[in-house]
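Listed below are the residues making up each chain.
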Amino acid sequence: MAVNTYEVMFLIDSNKYAGDPDGSLGEINKILERVGAETLAARPWQDGKLAYPVEGRRKGLHYLTYLKMEGKNLDELTRLCKLNDIVLRHLTIKLDAALVEPMVAVANGESPTATAEKAAEEEKAASEKPAAEEKSTDEASEEVTTA
């Protein structure tokens, strides 16, 4: 099955996160490892009062992740989130390939336009490199013929 890129928003119990941030995020990472996901970016997004109580809790932390995994593992991700007491809810969205790079850049604190410019520069440098190598090969062959 094909590997897709997903945006997953976890709603985490704020009290448990405040008491042990590394342990809470470790639980989420364990879930993602079990489903064979490769994390591209992850960060806390918003912490605060919820619009309505979720499982009796009035506060929660939204934790945003971008990951790659096979689509067949989505059911297992849902099952593991329901079994975990730190994850109150989660939402998974399949990302279009054109959106992956800018969304991951923003999640990592980079400018999406700077990322696009950097990719364009790398592409330009890669296309110029073979041309430079051809010149040096041509010059070397000319030296051999003139000698």
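In case you missed it, the structure is sitting above this.
Residues numbered from 1 in each chain as written. Predicted model: local features only at pLDDT ≥ 70, side-chain atom pairs only at ≥ 80, totals over all residues. Heavy atoms only, no water.

A. Structural context of the overall build of the chain. Per the secondary structure count, the chain includes five helices and four strands. Starting at the N terminus and walking to the C terminus, you meet the elements of the chain as β-α-α-β-β-α-β-α-α. Taken over 147 residues, the chain has a buried fraction of 31%. Sequence-distant contacts, at least 24 apart, represent 74% of the contacts inside the chain between residues at least 6 apart. Accessible area for the chain stands at about 9700 Å²; split by element, carbon and sulfur atoms hold 51% of it. (Helix = DSSP H or I, 4+ residues; strand = E, 2+ residues; numbered from the N terminus. Buried < 20%, exposed > 50% of the residue type's maximum accessible area, 1.4 Å probe, protein only. Contact = heavy atoms within 4.5 Å. Areas by Shrake-Rupley, 256 points an atom, 1.4 Å probe, with all protein chains shown as cover.)

B. Quick peek at the environment of Thr65. By secondary structure assignment, the location of Thr65 is in strand S3 (residues 57-70). Of the residues examined, Thr65 reaches a relative accessible area of 1% and is grouped as buried. Discounting chain neighbours no more than four positions away, the residues touching Thr65 are Tyr6, Glu7, Val8, Phe10, Ala41 and Ala42.

C. Representation of the nonpolar core within the structure. Ranked by internal contacts, the top residues of the largest apolar core, which has 20 residues, are Phe10, Ile12, Ile28, Leu32, Leu67, Met69 and Leu77. At the level of secondary structure, the elements contributing two or more residues to this core comprise strand S1 (3-13), helix H2 (21-34), S3 and helix H3 (74-83). Discounting chain neighbours no more than four positions away, the residues touching Leu32 are Phe10, Ala37, Thr39, Leu67 and Leu77. Residues Met9, Ala41, Leu64 and Leu95 belong to the second largest nonpolar core, which totals eight residues. (Core = buried A, V, L, I, M, F, W, Y, C linked by side-chain atoms within 4.5 Å.)

D. Inspection of H3 at higher detail. Of the positions making up H3, those classed as buried are Leu77, Leu80 and Cys81. Looking down the long axis of H3, one finds its buried residues gathered within 100° of arc, a one-sided arrangement. Summarising the geometry of H3, the exposed residues directed more than 90 degrees from the buried face are Asp75, Lys82 and Leu83. Tucked inside the fold, the buried residues of H3 contact S1, H2, S3 and strand S4 (87-94). (Arc of directions from axis to C-beta.)

Function cannot be inferred from these measures alone, as they are strictly geometric.
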